[in-house]
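# Report on the structure
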Amino acid sequence: MSTQLPEQVEEESSAAEAEPTSAAQERRLEKKRQRAEEKERQRQAEEAEKALEEEDTYHLKVFRYDPEIAGKKEPRFDDFHVPYHKGMTVLDALMYARDTYDSSLTFRHSCRQAICGSDAMFVNGSQRLCCKTQLSDLEEPVRIEPLPHAEVVKDLVVDMEHFYDQMEAVEPYFQTNELPEGELEEQHQTRENREKVKMSTRCIWCGACMSSCNIAAGDNQYLGPAALNKAYRFTMDEREGEDMKQQRLEILEQEHGVWRCQTQFSCTEVCPKDIPLTEHIQELKREAVKNNLKFW
Amino acid sequence: MHEHDVIVVGAGGAGLRAAIAAQEEGADVAIVSKLHPVRSHTGAAEGGINAALREADSWEDHAYDTMKGSDYLGDAPAIETLAQDSPEEVIQLEHWGMAFSREEDGRVSQRPFGGLSFPRTTYAGAETGHQLLHTMYEQLVKRGIEVYDEWYVLDLAVSDEDEPEDRTCHGVVGYDIQSGNIEGFRARDGVILATGGLGQVFDHTTNAVANTGDGVAMAYRAGVPIEDMEFIQFHPTSLPSTGVLISEGVRGEGGILYNSEGERFMFEYGYASNDGELASRDVVARAELSEVNEGRGIEDEYVHLDMRHLGEERITDRLENILHLAKDFEGVDALEEPMPVKPGQHYAMGGIETDENGETCIGGLYAAGECACASVHGSNRLGGNALPELIVFGARAGHHAAGRDLGEAEITTGKRDEWESGDVETPVAPGEAGISGADAVADGGAAAEGSDLSPDELVARATERTDRRVDALLENDGRNHSEIRSDVQESMTQHVNVFREEEGLKQALRDIRDAREAYQNVGVADQSRTFNTDLLHTIETRNIIDIAEAITLGALARDEFRGAHWRKEYQERDDENWLKHTMLSWNDGSPELWYKPVLLEGEEKRYEPKIRSY
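What you see is a predicted model, and the numbers here were worked out from it, not measured in a lab.

### As for the overall build of chain A
Looking only at helices and strands, chain A has 11 helices and 7 strands in total. Out of the 296 residues belonging to chain A, those deemed buried represent 41%. In chain A, the proportion of contacts linking residues at least 24 apart, taken out of those at least 6 apart, comes to 66%.

What follows is the structure, given as structure tokens:
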């Protein structure tokens, strides 16, 4: 697995494009930078001392990169020693490190409860959601990197555009030709059918599966496990009707669709919502075959 | 400069519904949101959506329950609108494919919830908000509605007439988080704020890290009154270590609360002798803390919520998500042992003053969802009433902004001469920390300028001002915001919590004052323009300070006990003096308190305040 950095833009050109700043402002900023560096050196020294004194800390090694800050243009790992308390998650540790030691440490996070899907990262060599990963389940030092196979924007933040594009390529919305007449009348759905699509509706778009998939890494057009699961969610929903199912299977059968999956189960292994992704893809393959036999 | 008919700020349930509605009306609409839509905190809502869908139920009953739950501080026109529009909006979601839980006959399921006279909470497992959010985002994709995601709105472009009621909002200023660019967004027909909750004002909250009340703070500083800010809902069942929410659905399905003595205290100590665990949230939250204060808490901190007797099958069918939350965030196997729970900040009943069409007193400025106050929830929100609020008032604001005639609103907005003015004695002066010029700009506190400017010029001017503010924050070699933020959060959780006392409230105001002064010297260490969350959080912290102050001022002013607002010194609901909304106007930096009467007159009947017992 490799971490992908965007191609470096020539420094000169980016500097030329930037707004001209006054010399005085430039000097102030320069001073601020110097003081910041001095503080950073001090912090590392203090922290290292503290780590020796206190037994109960966790040692994090965190990937750092910033395309425009000297010293961070070349990716590096920073060490943080974070005091541990019972129940502490990787996200808690990152927040502590940011709020206490280095406010420029950058990562996405919001809900802290495994539903917003913002904080999937590569932790000790596998894709995990940081907010639901207990530090106590991990070997030290805990190595935290951005999701592999995605372009790094800064530190632990990756560009999700490609992931979103794939999600949106499968007509990811409910379609039917036969809504009930009355405005206040619902469509009926059997409990069994709802149960069938239930797991597929749990996807939180974290991107862990896509990042773990070797096929997606080699074929940029492959829809990938999350998008195929999204398609499964609608293909299997009896409320959409047979015509729509037919239409969906045609999309999924294309060159970069379901048949690319080689059932390595890596997506299923890393999914923080326990969605049986590989199984869903296999089922779509079977449906596609059945469908072709029917029309043959 | 970007230009659209309607700009929606925020992409949770209310924002998405508003955008879809504006588009249904033919408007060119765009969403600007600091999070990608599917990251919004609507996704964390668990319990369900109240809607009178069935023959044996009626919108009138839903309205009555809501008014009673509000402790007679909701406005009847807003409450009746919610109850009337909710069924149609819920069926709309079903037609968009939302994966509701189902009955044997294939119809959508409904369950009992606290404070409801009929099981009308329509749900999708214990993940109703997730299903709702994704279903609506799917519609957004289908319709090709433009989303500027990871764009943080830093300011509103509002003209500067003396009276807020004469001002107009022409757009917003956005900050592209990924690139650091600051750009103006001109809205031809309207700006809809749908920025959600403000839970980060407290340090124990079920809210997301992103819920910093940005919309409320921006509208407040632009001159819109904010309403009933003191009414904060503390959810009775949050996990102690993280604040993660355990749905009311657990109690709806039959979950039981126990104290350390193994007593079912809701009944045994008479907190709610009829409804027990299913009493309204404020009642249950106070009961739990009373148990802890009287020494019957577990580890002096929490009580137990037990659902083991429901059996594995029923739990897995209806509450499976709860098993995961308890396991992942508290290390408890809820099939084997009870879950520790305690009250946590959950919801803000108050917010930006709007009418039932989502309009504020500033022309072209709307608000919907948790950031708004119509007022549907009054002094206490019933479980299952937040999600219908998002879709009902999101849709109304979107339709109205795009030009649909929804009829004249009955709720009035803005300050009128006949409204009563208020007075509250504070230990320190509230409001702007009292500096001017460049520093005030950095602070985000300076007023708008130039009422004779064209809308485009106004947006450009606001953009330049924001540019200067960001430059100043980046240049300042000051203190990091995180300590200031956590000082405010801790003070709020200590002093402005479930139980409130005069001295504590005053102490909170002193702490907030200190935070304001400290903030004058705030600086952003990260010098990068790329994904600078240090800058973002620093700006949010300013919003947190303004909102914490508004909540505390309201709490100090209201010397009665109503709904979620409990005062040690005043143990009675005082209908003679307090059937009125607490209003705060920013007044260019010096908060002004006034009151607006509650509207208890419904379409066909008046809701007479009764003693609220469960």
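### Quick notes on the interface of chain A and chain B
Listed per partner, the contact involves 50 residues of chain A and 49 residues of chain B. Secondary-structure elements contributing two or more residues to the side of chain A that touches chain B are α2 (23-53), β6 (152-154) and α5 (191-198) of chain A. Here the element with the most residues in the side of chain A that touches chain B is α2 of chain A; it accounts for 7 residues. Taken together, the residues of the side of chain A that touches chain B break down into 17 nonpolar, 15 polar and 18 charged.

### Things to note about the environment of Arg562 of chain B
Residues and elements named next belong to chain B. The topology assignment puts Arg562 in the loop between α15 (533-557) and β20 (566-567). Here Arg562 falls in the buried class, since 26 other C-beta atoms lie within 10 Å of it. Once you skip the residues sitting within four places of it in the chain, Arg562 turns out to touch Asp71, Leu73, Ser379, Arg573 and Trp578.

### Observations regarding the domain arrangement of chain A
Size of an interface: often given as the accessible area lost when the parts come together. Residue and element names in this part refer to chain A. By the assigned domains, chain A splits into domain 1 (43-150) and domain 2 (161-176 + 192-295). Taken over C-alpha atoms, the centre of domain 1 sits 32 Å from the centre of domain 2. The interface is formed by 14 residues belonging to domain 1 together with 11 residues belonging to domain 2. Its residues assigned to classes, the side of domain 1 that touches domain 2 shows 8 nonpolar, 4 polar and 2 charged.

### Considerations on the domain arrangement of chain B
All names here are of chain B. Parsing chain B into structural domains produces domain 1 (2-232 + 346-416), domain 2 (238-343) and domain 3 (438-597). In this structure, domain 1 and domain 3 have C-alpha centres spaced 22 Å apart. Domain 1 puts 52 residues into the contact, and the matching count from domain 3 is 52 residues. Taken together, the elements giving at least two residues each to the side of domain 1 that touches domain 3 come down to β7 (151-158), β8 (169-176), β9 (182-193), α5 (214-222) and β10 (226-227).

### Some words on helix α12 (residues 455-475) of chain B
All names here are of chain B. Look at α12: 30 Å from first C-alpha to last across 21 residues, which is about the 30 Å you get at 1.5 Å a residue. Here α12 has its buried residues at Leu458, Val459, Ala462, Thr463, Thr466, Arg469, Val470, Leu473 and Leu474. Down the axis of α12, the buried side of the element spans an arc of 145°, and every buried residue falls inside it.

### Here we look at the sheet that holds strand β12 (residues 256-258) of chain B
Residue and element names in this part refer to chain B. If you walk across this open sheet you meet the 4 strands as β11-β14-β13-β12, and the pairing is antiparallel. Edge positions in the sheet fall to β11 (232-238) and β12, since each has one partner strand and no second. Adjacent strand axes in the sheet meet at a mean angle of 45°, parallel and antiparallel pairs treated alike. By the bridge criterion, 3 bridges tie β12 to strand β13 (residues 303-306) in an arrangement that is antiparallel. When the sheet's bridge partners are listed, Tyr258 is paired in β13 with His304.

### A closer look at the pairing of strand β2 (residues 29-33) of chain B
Residue and element names in this part refer to chain B. Counting buried residues along β2, 5 of its 5 residues qualify, which places the element largely inside the surrounding structure. Relative to β2, strand β1 (residues 2-9) runs parallel, the two being bridged by 4 bridges. Looking across to β2, one finds that Val8 is bridged to Ile31. In this region the chain leaves β1, passes through helix α1 (residues 13-24) and returns to the parallel neighbour β2; the handedness of that crossover is right-handed. Pairing of β2 with strand β6 (residues 146-149), which is carried by 4 bridges, proceeds in the parallel orientation. Pairing of Ile31 across the sheet is with Val147, part of β6.

Scoring rules and cut-offs
The residue numbers shown here count from 1 along each chain, following its written sequence. Throughout, the order in which chains and ligands are written sets their labels, letters from A for the former and numbers from 1 for the latter. Given that this is a predicted model, residues contribute local features only at a pLDDT of at least 70 and side-chain atom pairs are listed and counted only at 80 or more, while totals for whole chains, interfaces and linings are drawn from all residues. Think of it this way: any DSSP run of H or I at least four residues long counts as a helix, any run of E at least two long counts as a strand, and we number them from the N terminus. Once C-beta atoms are placed from the backbone, each residue is buried if 20 or more other C-beta atoms lie within 10 Å of its own, exposed if 12 or fewer, and partly exposed for counts between those two. Two residues qualify as being in contact provided that their C-beta atoms, derived from the backbone, are within 7 Å of each other. Each residue is assigned to one of three groups, with Ala, Val, Leu, Ile, Met, Phe, Trp, Tyr, Cys and Pro labelled nonpolar, Asp, Glu, Lys and Arg labelled charged, and all others, Gly among them, labelled polar. Note that the domain bounds were set by an automatic or database domain assignment. In this scheme, a helix's expected span is set at 1.5 Å multiplied by one less than its residue total. The reported arc concerns the directions from the helix axis to the C-beta atoms and nothing else. Each pair of strands is called paired provided DSSP finds at least two bridges between the two strands. Note on geometry: axes are C-alpha line fits, over the in-contact stretch for helices, and angles between N-to-C directions span 0 to 180 degrees. If you view a crossover with the strands going away from you and the path from the first strand over the helix to the second runs clockwise, you call it right-handed.

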